[in-house]
Amino acid sequence: MTRLRIPRVVPKPKDYSKLPWTEEFRDKFPTRKAEKYFAENMKYDDLSDFLFAEKHVDFRKAGLLVDALKADKGIVRNDNEILLTINLPFCEWRCVNCKRNMYQRSKCLDAYMYYIDALIKEIQLTREIIAKKCYIVKAICYTGNLLALDVPELERVLSQCTYSLSEINVELGNPKFVTREKLEILKKYNVSRIIVNALTFNTVTLRKLCRRYEFKDVYAFYKMIAEFGFELSIELCAGLLNERELQLKRNIKLAVELGATCIDLYSRFCPMGNNLEPITNQNAINEQRKILEEAGNFMKSIGFKPYFLFCTEVENGCFENVGYTLANKKSKFIEDKSWEVSTIIGCGTSAQNVIVKNLHNTRKTQSNTYDLGQYVFGIEQILEQKRRFFE
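Residues numbered from 1 in each chain as written. Predicted model: local features only at pLDDT ≥ 70, side-chain atom pairs only at ≥ 80, totals over all residues. Heavy atoms only, no water.

Remarks on the overall build of the protein chain
Of regular secondary structure, the protein chain possesses 13 helices and 13 strands. Taking 2.2 N^0.38 as the reference for a compact globule, 391 residues should give roughly 21 Å; the C-alpha atoms of the protein chain span a radius of gyration of 22 Å, in line with that estimate. The principal-axis extents of the C-alpha atoms in the protein chain amount to approximately 90 × 50 × 40 Å. Each of the 391 residues in the protein chain was classed as buried or not, and the buried ones make up 54%. Accessible area of the protein chain: about 18,900 Å², with a carbon and sulfur share of 51%. Positive and negative charge centroids in the protein chain, built from 60 and 50 side chains respectively, lie 3 Å apart. (Helix = DSSP H or I, 4+ residues; strand = E, 2+ residues; numbered from the N terminus. Rg over C-alpha atoms; globule rule 2.2 N^0.38 Å. Buried < 20%, exposed > 50% of the residue type's maximum accessible area, 1.4 Å probe, protein only. Areas by Shrake-Rupley, 256 points an atom, 1.4 Å probe, with all protein chains shown as cover. Lys, Arg positive; Asp, Glu negative; His and termini not counted. Charge placed at Lys NZ, Arg CZ, Asp CG, Glu CD.)

In structure tokens:
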């Protein structure tokens, strides 16, 4: 009996040159383009099928779009609820790709104390504005490196921002700033979440970024954070330098092992102030799209769901930046800031003030100076500008 030989079919590699959202959804917030097709009494699965079949959106992206739309529609847009940011621009060293004005503590010891004094003045004015406008502080975030402060200054700053029922977040760029005493102070002032701007855990990449530590050097600091019971958000960068899918999956696995309840994946983009030149090479665009798709599939496979989505490099690759969370453990601050739905009052260098009117779909912005010296010696003028902006 002659055996029938069936030729082996090798699947074609996926073509990543096509814009997965299609032109109609090429937008910073593609969910807002999709929302107009979400009819009354329509199921989300039906919307996903519609986007795939009728609008020719890649079926994986259609699913991501609909999952993110669920999160977007779940946000309460109350113009009286605001976010408060307090910036502490101190670091031990600067990453080579950082465009933000950060200052090494060891090189600005005199300016450090002057900065804290000026910052306290701005926080006190901010309290006046909040009371006068009857704002409700939904969430607070100490950006930069709050834990770079010495213990007396750390407690002094935290004591100025006591708002009942607000979610309190602390950003952390360098885990080596963590000490048990400082974590105890965070607990004392009801800090609920630590947001670690890790970018990567890969030793080679960390060295290229000029981050002078390896994962094994900071593992104990992460475990100390877990001991205190803080919610942990870890920010990772997809497509950082020469990293590809395998390394990104390793980073995600380590973030899970450390106890992260939120893992935010930014496409070549550092949320702490990194401005990159857009990719224009088609092969590089295809590679980045592949990395993002593999990362999204992996996050879904380990039980994480999207809670924010916005796109960057819209005119070229149109790459998605996605926050993923476990079982509604999301950060209100990151969610509202990423969706751009809340008024923000910012204090410190490079802080932004943003007045959002959701009903009229308007945003008005004003920024503080990036320079520490200009901030310290021009604080009275900065306070007057802030007062006028909110009046």
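Remarks on the packing of aromatic side chains
Per the counting criterion, the structure on display carries 19 aromatic pairs. Here the aromatic residues Y266, F269, Y307, F308 and F310 are joined through ring pairs into a cluster of three or more. Lying across the ring of F230, K187 places its NZ or CZ 4.9 Å from the centre. (Phe/Tyr/Trp six-rings, centres within 6.5 Å; stacked < 30°, edge-to-face > 60°. Lys NZ or Arg CZ within 6 Å of the ring centre and 35° of its normal.)

Focus: the environment of A68
Mapped onto the secondary structure, A68 falls in helix 3 (residues 59-73). Among the residues examined, A68 registers a relative accessible area of 0% and is labelled buried. With 254 residues separating them in the primary sequence, A68 and V322 have C-alpha atoms 8.6 Å apart. Residues in contact with A68, not counting those within four places in the same chain, are T31, P306, L309 and W339. (Contact = heavy atoms within 4.5 Å.)

Concerning the pattern of salt bridges
For the structure shown, the criterion picks out 32 salt bridges. Residue E122 is joined to K386 by a salt bridge in which the shortest nitrogen-to-oxygen separation is 2.9 Å. Taken together, the residues span a long stretch of sequence, with E122 in helix 4 (residues 109-133) and K386 in helix 13 (residues 379-390) at a distance of 264 residues. The residues E122 and K386 share a single accessibility class, namely buried. One salt-bridge network, held together by shared partners, links K14, D58, R60 and E293. (Salt bridge = Lys/Arg side-chain N within 4 Å of Asp/Glu carboxyl O.)

Description of the nonpolar core
By size, the foremost hydrophobic cluster in this structure holds 122 residues, and its most contacted members are Y142 and L186. Considering each element in turn, this core owes the most residues, 10 residues, to helix 4. Once you skip the residues sitting within four places of it in the chain, L186 turns out to touch L146, L147, L154, L158, V170, V191, I194 and F230. If you look at the next biggest cluster of nonpolar residues, it comprises five residues, including L209, C237, L240 and C270. (Core = buried A, V, L, I, M, F, W, Y, C linked by side-chain atoms within 4.5 Å.)

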